[in-house]
Amino acid sequence: MTAARPPVQSTYRRLPLLFFGMLSLLGGLAAGLARLGWPMPDIAAHAAGLHGPLMIGAFFGTVISLERAVAIGARWAYVAPLAAGCSGLLLLAGAPILLGQGLASLAALGLIAASLVALSRQTALHTIILTLGAGCWLAGNVAWFVGGDTGPGTGWWLLFLVLTIAGERLELTRMLPTPTHARTIFVTIVTTLIAAAALAAERWLAGGLLALAVWLLRYDIARRNLGSEGLTRYIAVCLFSGYLWLALAGLLGLDGALGSGHPARDPTLHALALGFVFAMVFGHAPIIFPAVTRIRIPWHPVLYLPLALLHLTLLVRVAGGTLGHWPLRAGGGLLNALALLTFIATLITLIRKGR
């Protein structure tokens, strides 16, 4: 969804929300490294079991809710990113899990409400998909609360990210001469994904992810933009490479790798969450960040460096996970975190030079 250009005063009020989200990102990275056995501060070690909620709910929930709030232009919608960011801070601070779950659920409800407003303004397939994605976030939080651990909510949380990205990309395909049957296939894929998550059918979920990857590789505008130049080509490379990771996650999942206890579960989840989702983040950040903050990110080819690091380090982690080589997997995880930090540092450097 395209965000309206915000007034300067309201822009600065959004920066603390982004800051809360960034703290959740850093805390989530540290918690993930603690799970891999790397020595981390106590605050991260104690949150090792909350890596998923910190990364998906607290970080991505903040960012996505903030973008949706800017898009609809309603003050009440900012409750969602505020609640999501605060949930991450409470989880990191060791507060009772119920508080973090409650704030995360409040944030999901706020995102659903904002998505319904957008849907009422423009009833289209992509706004329906975005609303369903927000609903998946809430479903994951409910499953987390009922199940008592993060495992039951993982599939729903992943769908929250996948459907949000799919809805955003579907919006752009309207500019292309997409055949009618392609949209029918897209609806079938989304229906399959939601049904698979509801039934905890991991292989069906994997099949849906693979089908979505094939659909995006075939019909998304990124394929056409690979021959462009500058920022347009960079975004296309980010998206196209992310779709390949999504396809790999689907292929591994067909062997049951999305199931709890499967030896290839870690590489499968991170092929999806790192390879696919963060490739989308890398590609969209030069557009979404300025739209939300009015802080310009000048284009520079150096942005390819963190993208290459992301893919290369993820290859190391996936190889270690699939081969059962723990040091390789743990080393790849550490390098993944460094790749994300390199991306953040690159953006900050470009912003400072742009000013």
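Note: the structure precedes this text.
This structure is a prediction, so every number in the text was calculated from the model and none was measured.

> Tell me what's going on with the side chain of arginine 169, and back it up with residues and numbers.
Mapped onto the fold, arginine 169 is located in helix 7 (residues 154-173). Discounting chain neighbours no more than four positions away, the residues touching arginine 169 are Leu216, Asp220, Ile221, Ala222, Leu239, Tyr243 and His284.

> Could you give an account of the nonpolar core, naming the residues involved and the relevant values?
Counting 91 residues, the largest nonpolar core has Phe186, Leu212, Phe276, Phe278 and Phe282 as its most contacted members. Beyond its immediate chain neighbours, meaning those up to four positions away, phenylalanine 186 contacts Leu125, Ile129, Ala166, Leu170, Leu212 and Trp215.

> Describe a nonpolar patch on the surface, and please don't skip the residues or the numbers.
Taken together, the side chains of Phe19, Leu23, Leu26, Leu335, Leu338 and Leu341 make up a nonpolar region of the molecular surface, amounting to roughly 500 Å² of accessible area. Listing elements by their share of the nonpolar patch, those giving two or more residues are helix 1 (8-35) and helix 14 (326-354). Note on placement: leucine 23 falls in helix 1. Among the residues examined, leucine 23 registers a relative accessible area of 30% and is labelled partly exposed.

> Go over helix 4 (residues 79-92) with me, naming the residues and quoting the values.
Compared with an ideal rise of 1.5 Å per residue, which puts 14 residues at 20 Å, helix 4 spans 20 Å between its outermost C-alpha atoms and is within 8% of the ideal. Within helix 4, burial applies to Ala80, Pro81, Ala83, Ala84, Gly85, Ser87, Gly88, Leu91 and Leu92. Positive phi appears at glycine 94, one or two residues downstream of helix 4, with a value of about 80°.

> Please set out the side chain of threonine 164 residue by residue, giving values where relevant.
Within the fold, threonine 164 resides in helix 7. With near-sequence residues (within four places) excluded, threonine 164 lies in contact with Ile64, Arg68, Leu130 and Leu159.

> Explain the pattern of salt bridges to me, and be specific about the residues and the numbers.
The final tally for this structure, using the stated rule, is three salt bridges. Measuring nitrogen to oxygen at the nearest pair gives 3.0 Å for the salt bridge that ties aspartate 220 to arginine 169. With aspartate 220 in the loop between helix 9 (202-219) and helix 10 (222-225) and arginine 169 in helix 7, the pair connects residues that are 51 residues apart, well separated along the chain. Of the residues examined, aspartate 220 reaches a relative accessible area of 1% and is grouped as buried. We note a salt bridge from aspartate 266 to arginine 317, for which the minimum N-O separation is 3.0 Å. Note that aspartate 266 is positioned in helix 12 (residues 265-293) and arginine 317 in helix 13 (residues 304-323), a separation of 51 residues in sequence. The class for aspartate 266 is buried, based on a relative accessible area of 12%.

Rules of the game
Residues numbered from 1 in each chain as written. Predicted model: local features only at pLDDT ≥ 70, side-chain atom pairs only at ≥ 80, totals over all residues. Heavy atoms only, no water. Helix = DSSP H or I, 4+ residues; strand = E, 2+ residues; numbered from the N terminus. Contact = heavy atoms within 4.5 Å. Core = buried A, V, L, I, M, F, W, Y, C linked by side-chain atoms within 4.5 Å. Buried < 20%, exposed > 50% of the residue type's maximum accessible area, 1.4 Å probe, protein only. Patch = residues over 30% accessible without salt bridge, like charges linked within 9 Å, V, L, I, M, F, W, Y side chains within 5 Å. Areas by Shrake-Rupley, 256 points an atom, 1.4 Å probe, with all protein chains shown as cover. Salt bridge = Lys/Arg side-chain N within 4 Å of Asp/Glu carboxyl O. Expected span 1.5 Å × (residues − 1).

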